[in-house]
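# Chain and residue survey
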Amino acid sequence: MTDAYLMPDKRLHAVQDRIAQAASAAGRKPSDVHLLAVSKTFDADAVRRLAACGQRAFGENYLQEALAKQTQLIDLPLLWHFIGPIQSNKTRPIAENFSWVHSVDRLKIAERLSAQRPADLPPLQVCIELNVSGEASKGGVDLADLPALADAVAALPRLQLRGLMAIPAPVSDGAEQRAAFRQVREAFEGLKARGHVLDTLSMGMSSDLEAAILEGATIVRVGTALFGERNTTHA
Ligand SMILES: *Cc1c(COP(=O)(O)O)cnc(C)c1O
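Parameters and conventions
All residue numbers here refer to positions counted from 1 along the written sequence of the relevant chain. Owing to the predicted nature of the model, reporting of local features is limited to residues with pLDDT of at least 70; listing and counting of side-chain atom pairs is limited to 80 or more, with chain, interface and lining totals taken over all residues. Hydrogens and water molecules were not included; the side-chain quantities draw on all heavy atoms of the structure. Helical segments are the DSSP runs of H or I of at least four residues, strand segments are the runs of E of at least two, and each set is numbered from the N terminus. Aromatic pairs are defined between Phe, Tyr and Trp rings, using the six-membered ring for Trp, whenever the two ring centres lie within 6.5 Å; interplanar angles under 30 degrees are classed as stacked, those over 60 as edge-to-face, and all others as tilted. Categorising residues by exposure relies on relative accessible area from a 1.4 Å probe, with only protein chains included: less than 20% of the type maximum marks a residue as buried, more than 50% marks it as exposed, and the intermediate range marks it as partly exposed. Here a polar contact is taken to be a pair of N or O atoms separated by no more than 3.5 Å, where protein atoms must pair a possible hydrogen donor with a possible acceptor and residues adjacent in sequence count only if both atoms sit in side chains. By definition, residues are in contact when any of their heavy atoms lie within 4.5 Å. For two strands to pair, DSSP has to find at least two bridges joining them. Seen with the strands pointing away from the viewer, any crossover whose path from the first strand over the helix to the second strand runs clockwise is right-handed.

### What to know about unusual backbone geometry
Located in the positive-phi region is Thr41, a residue other than glycine, with phi close to 75°. Along the chain, Thr41 turns up in the loop between β1 (34-38) and α3 (44-52).

Rendered as structure tokens:
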């Protein structure tokens, strides 16, 4: 039995405290930073325990795993965010079963998500994933290609472009962490200067959320600090 099983409320409050402290250090309101609980590799019961403590937004990376959990948790009013790599043959279930997608990094995927978003649902809320130098994942659009992609995504009828997401390579030095997040914020400001109306910077995880909040994160995506270590090979 893990700590996560015993005390999801303590873990949640500890993460909320970290967010609040970083926000006040940045001169920001804690309520301007939203917590996305990344539940990949953890089962529906773990999500249910955290939901019982008041957490509503959950992030998933693997489609089949996410759909199975959604089915088991259909009785709860949860908001699901897709944050993993997207294969073009998987866009339909993503468009049908998630409120947000953080990992849009090419136009073909965005076009399919828009075309496949059911008419009876609100527009899919999306972030474009930016490849910052030394990014931990292979995904993300290069900075040079970002403006054109953002213009095209913003024009799609069933998507609402909300901002940027990034996964910088893990480093322990706080100044280095901030430098990577600052690149993302500057790209975000650049898009706003181009006329895009954006409000979301999805950046910061368990080990670097403070640096991300100091650089303007509005969504931090936290897994380990809420659920414990993932003992798995695929994440
Ligand atoms: C796994 C994952 C997270 C959470 O990482 P932790 O270090 O466990 O907090 C956040 N974002 C993405 C895209 C992930 O894949």
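### Digging into the packing of aromatic side chains
Per the counting criterion, the structure on display carries 3 aromatic pairs. A ring pair is formed by Phe42 and Phe227, whose centres lie 5.1 Å apart and whose planes are at 20°; its orientation type is stacked. In this pair, Phe42 sits in the loop between β1 and α3 while Phe227 sits in helix α10 (residues 224-227), placing the two residues 185 residues apart along the sequence. For the pair formed by Phe42 and Phe227, the shared burial category is buried.

### Concerning the side chain of Gln55
When you line up the elements, Gln55 lands in the loop between α3 and β2 (57-60). Looking at Gln55, its side chain comes within polar contact range of the main-chain oxygen of Leu35, at 2.8 Å. Residue contacts for Gln55: discarding those within four places in its chain leaves Leu12, Leu35, Leu36, Ala37, Leu50 and Leu78.

### So, the pairing of β1
Of all the 5 residues making up β1, 4 are buried; the element is thus mostly covered by neighbouring parts of the structure. Where β1 meets strand β8 (residues 219-222), 4 bridges bridge the pair, whose relative direction is parallel. By the bridge assignment, His34 is partnered in β8 with Ile219. Sheet topology places β1 next to β2; 2 bridges connect them, and they run parallel. When the sheet's bridge partners are listed, Ala37 is paired in β2 with Phe58. For the handedness criterion, the β-α-β arrangement of β1, α3 and β2 is classed as right-handed.

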